[in-house]
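Commentary on secondary and tertiary structure
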Amino acid sequence: MAGAFVVVGCRQLVTLRGPARPRVGPEMRDLGIIADGALLVRDGRIAAAGKYADLKPEIGAEVEVVDAGGGVLLPGFVDAHTHLVFAGNRADEFEQRIAGATYAQIAAAGGGIRATVGRTRQATEDELLEAARRHARWFLAGGTTTVEAKSGYGLEAEAECKMLRVMRRLRQEGPLEIIPTFLGAHEVPEEYRDRPEQYADAVISEMLPRVAAERLAEFCDVFCEPHLFPVATARRILSAAKQFGMRLRLHADQFGLSGGARLAAELGAATADHLEYTDTASMDALAAAGIQPVLLPGSVYALGLARYPEAREMIERGLAVVLATDFNPGSSPTASMPIILSLACTRMRMTPAEAIAAATINAAWSLGRGGQIGSLEAGKRADFAIYACEDYREIPYHFGVNLLRGLWSRGTRAATFPN
Ligand code: NIG
Ligand code: FE
């Protein structure tokens, strides 16, 4: 990590440079592309990003040269909504849905989130860490260097803390940066089946104080759905989390207009996520409160649904849109940000540039990291990826093809591919 190197031979250096705040409206289409660019890195940070010809005088003999081979260089993706840590998978439910069962029917029959809760409770911390390492490799292989990660498959204090400790250990191992979110209110566990309000009480009085005392989470999230945690209950939990100094994110309006986005606006959350059913009045409430929408087209696609969030409407209303994978074993088993970019372009009519801004600089701001990651500007962390293509638009265009050639995290090479 120490020492200096320069990446040369970038046909497009996609910097995302610009104002030090989330990008809105037409700003999302300005990627700050430098043709024939070079990136100078010192001690894990970006020292300069510019035209090779302009940087050349600054490049001393001691500086190692890395050749991008005429490829495209982008900031590492920032995935602002993932469920990174869980045991097992739900490929069986995938097949049940193909046969006609719905996500809600499977959940009501004891599958869904509760199936993963059973496996995650049973797993030891080391087993869970091993599973999470495997998932982390998938994120890196898609060009992602930072993920937000949610608990929510423990649903009792010790198992929730176990998940959050796994995130902490994996973060320490590197190279994937992990930002932890407490999602105790993800589902109502079996033992509280007919007592959801009492489960919410347990989240507030048992789990939140412990997670806060052990400093295990930066954010708190709630799956705000009428049959699980309706608006009034979500308000109770999130208000308590705020008292503990956590910032807020919210699964909102995923399967219906339940008022989650409005609640996010009321509470001053950092983000409102999903938003498939959000109406224009709620969008305006989010815009007025400066809340960022996190759109998750992977879950709509993988559940075989047709209603994607209204990204165009949101951009037109001045919202600083974020894209994320929602990686989880049920509704979105992909860790690939390039696939999400493709879906955003083809299903939500975002331009490739808007999609990339949503998956880098806007995602970074939504996690309170806009000053450190998400763009290639002097002083920021040297998290970047080289793609084997001539134009950044090829990344969403070649859906399912991984063009990634190399990935660097904090100035250290994190992955290499034969592209
Ligand atoms: O974001 N909506 C709730 N949570 C996940 C699904 C988790 C699961 O099915 O395991 C989501 O879609
Ligand atoms: Fe989610």
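Residues numbered from 1 in each chain as written. Chains lettered and ligands numbered in written order. Predicted model: local features only at pLDDT ≥ 70, side-chain atom pairs only at ≥ 80, totals over all residues. Heavy atoms only, no water.

Considering helix H9 (residues 260-267)
In terms of residue burial, H9 counts as a mostly covered element, since six of its eight residues are buried. The complete set of buried residues in H9 reads Gly-260, Ala-261, Leu-263, Ala-264, Ala-265 and Leu-267. (Buried < 20%, exposed > 50% of the residue type's maximum accessible area, 1.4 Å probe, protein only. Helix = DSSP H or I, 4+ residues; strand = E, 2+ residues; numbered from the N terminus.)

Regarding the packing of helix H6 (residues 157-173) against helix H7 (residues 196-213)
A packed helix pair is summarised by two numbers, namely the angle formed by the two axes and the spacing between the axes. Viewed as axis vectors pointing N to C, H6 and H7 meet at an angle of 30 degrees, and their least axial separation amounts to 9 Å. Looking at the two axes, H6 sits roughly parallel to H7. In terms of crossing hand, the pair formed by H6 and H7 is right-handed. Residues Ala-157, Glu-158, Glu-160, Cys-161, Leu-164 and Arg-165 of H6 form the contact with H7, whose participating residues are Met-207, Arg-210 and Val-211. Here the contact of H6 with H7 is built from residues that sort into five nonpolar, no polar and four charged. (Axes fitted to C-alpha atoms, helices over the stretch in contact; angles between N-to-C directions. Parallel < 35°, antiparallel > 145°, perpendicular 65-115°, else oblique. Left-handed = near helix turned anticlockwise from the far one by under 90°. Contact = heavy atoms within 4.5 Å. Nonpolar A, V, L, I, M, F, W, Y, C, P; charged D, E, K, R; others polar.)

A look at the packing of helix H13 (residues 337-348) against helix H14 (residues 352-359)
Relative to each other, H13 and H14 sit at 135 degrees, their axes nearing to 9 Å. One way to sum up the angle between H13 and H14 is to call them oblique. Read as a crossing pair, H13 and H14 show a hand that is right-handed. Taken together, the residues of H14 that come into contact with H13 (itself represented by Met-337, Leu-341, Ala-344 and Cys-345) are Pro-352, Ala-355, Ile-356 and Ala-359.

Some points on the site of ligand 1
Close to ligand 1 lie 16 residues; Arg-90, Tyr-103, Tyr-153, His-186 and Ser-331 are nearest. His-186 places a polar side-chain atom, nitrogen or oxygen, 2.8 Å from a nitrogen atom of ligand 1. One nitrogen or oxygen atom from the side chain of Ser-331 is found 2.6 Å from an oxygen atom belonging to ligand 1. Contact with the protein chains covers 100% of the free accessible surface of ligand 1, which is 330 Å². Looking at side-chain class alone, the shell around ligand 1 contains five nonpolar, nine polar and two charged residues. (Near = heavy atom within 4 Å. Polar contact = N/O pair within 3.5 Å; in protein donor to acceptor, adjacent residues only side chain to side chain. Areas by Shrake-Rupley, 256 points an atom, 1.4 Å probe, with all protein chains shown as cover.)

Things to note about the pairing of strand S4 (residues 64-75)
Relative to S4, strand S1 (residues 4-14) runs parallel, the two sharing seven bridges. Paired with Phe-5 across the strands is Glu-64, a residue of S4. Bridge count between S4 and strand S14 (residues 384-387): four bridges; the pairing is antiparallel. From the neighbouring strand, Leu-73 faces S14, where its bridge partner is Ile-386. (Pairing = 2+ DSSP bridges.)

Overview of the side chain of Thr-233
Structurally, the position occupied by Thr-233 is in helix H8 (residues 231-243). Judged by its relative accessible area of 2%, Thr-233 falls in the buried class. Within polar-contact distance, the side chain of Thr-233 engages the side chain of Glu-197 at 2.7 Å. If near-sequence neighbours (up to four positions away) are discounted, Thr-233 is found in contact with Glu-197 and Ala-200.

Brief notes about the nonpolar core
Phe-182, Leu-286, Leu-323, Met-350 and Tyr-387 are the most contacted members of the largest nonpolar core, which totals 111 residues. When residues of this core are assigned to domains, at least three map to each of domain 1 (4-75 + 375-416) and domain 2 (77-366). Excluding residues that lie within four positions of it along the chain, Leu-323 makes contacts with Val-78, Leu-295, Pro-297, Met-337, Ile-340, Leu-341, Ala-344, Met-348, Met-350, Ala-355, Ala-358 and Ala-359. (Core = buried A, V, L, I, M, F, W, Y, C linked by side-chain atoms within 4.5 Å. Domains from an automatic or database assignment.)

Remarks on the sheet that holds strand S15 (residues 404-409)
Across the sheet, seven strands lie side by side as S3-S2-S1-S4-S14-S15-S16; this open sheet has mixed pairing. Of all strands in the sheet, those with a lone pairing partner are strand S3 (45-51) and strand S16 (412-416), marking the two edges. Shown here is a sheet whose adjacent strand axes are inclined to one another by a mean of 35 degrees, direction ignored. Where S15 meets S16, four bridges bridge the pair, whose relative direction is antiparallel. Note on S16: the bridge partner recorded for Trp-408 is Arg-413.

Remarks on the sheet that holds strand S11 (residues 271-274)
Sheet strands pair by backbone hydrogen bonding; their relative direction is either parallel or antiparallel. Read from one edge of the open sheet, four strands run S10-S11-S12-S13, paired in parallel fashion. The strands lining the two open edges of the sheet, one partner per strand, are strand S10 (251-252) and strand S13 (322-323). Pairing of S11 with strand S12 (residues 292-295), which is carried by three bridges, proceeds in the parallel orientation. Bridging across to S12, Asp-273 finds its partner in Val-294.

Some points on the pattern of salt bridges
Where charged atoms of side chains with opposite charge meet at close range, the side chains can pair. Counted by the stated rule, this structure contains 32 salt bridges. Across the pair Glu-125 and Arg-165 runs a salt bridge, and its minimum N-O distance is 2.8 Å. With a gap of 40 residues between them, Glu-125 in helix H5 (residues 125-141) and Arg-165 in helix H6 connect regions that are remote in the sequence. Each member of the pair, Glu-125 as well as Arg-165, is classed as buried. Between Glu-218 and Arg-369 there is a salt bridge, with its nearest N and O atoms 2.7 Å apart. Of this pair, Glu-218 sits in the loop between H7 and strand S8 (219-222) while Arg-369 sits in the loop between helix H15 (361-366) and S14, and the two are 151 residues apart along the sequence. In this structure Glu-218 comes out as partly exposed when scored by relative accessible area, which is 27%. (Salt bridge = Lys/Arg side-chain N within 4 Å of Asp/Glu carboxyl O.)

Comments concerning the domain arrangement of the protein
Split by domain assignment, the protein resolves into domain 1 (4-75 + 375-416) and domain 2 (77-366). Summarising the inter-unit geometry, the C-alpha centres of domain 1 and domain 2 are found 29 Å apart. Taken together, the contact pairs 30 residues of domain 1 with 35 residues of domain 2. For the pair domain 1 and domain 2, the two sides together bury roughly 2500 Å², of which 68% comes from carbon and sulfur. Applying the counting rule to domain 1 against domain 2 returns three salt bridges. Glu-177 is the partner of Arg-381 in a salt bridge, and the nearest nitrogen-oxygen pair spans 3.2 Å. Counting across the domain 1 and domain 2 interface gives nine residue pairs in polar contact (both at pLDDT 80 or more). At the level of elements, S4, helix H16 (394-397) and S15 are the ones that each hand at least two residues to the side of domain 1 that touches domain 2. (Buried area = accessible area lost by both parts, 1.4 Å probe.)

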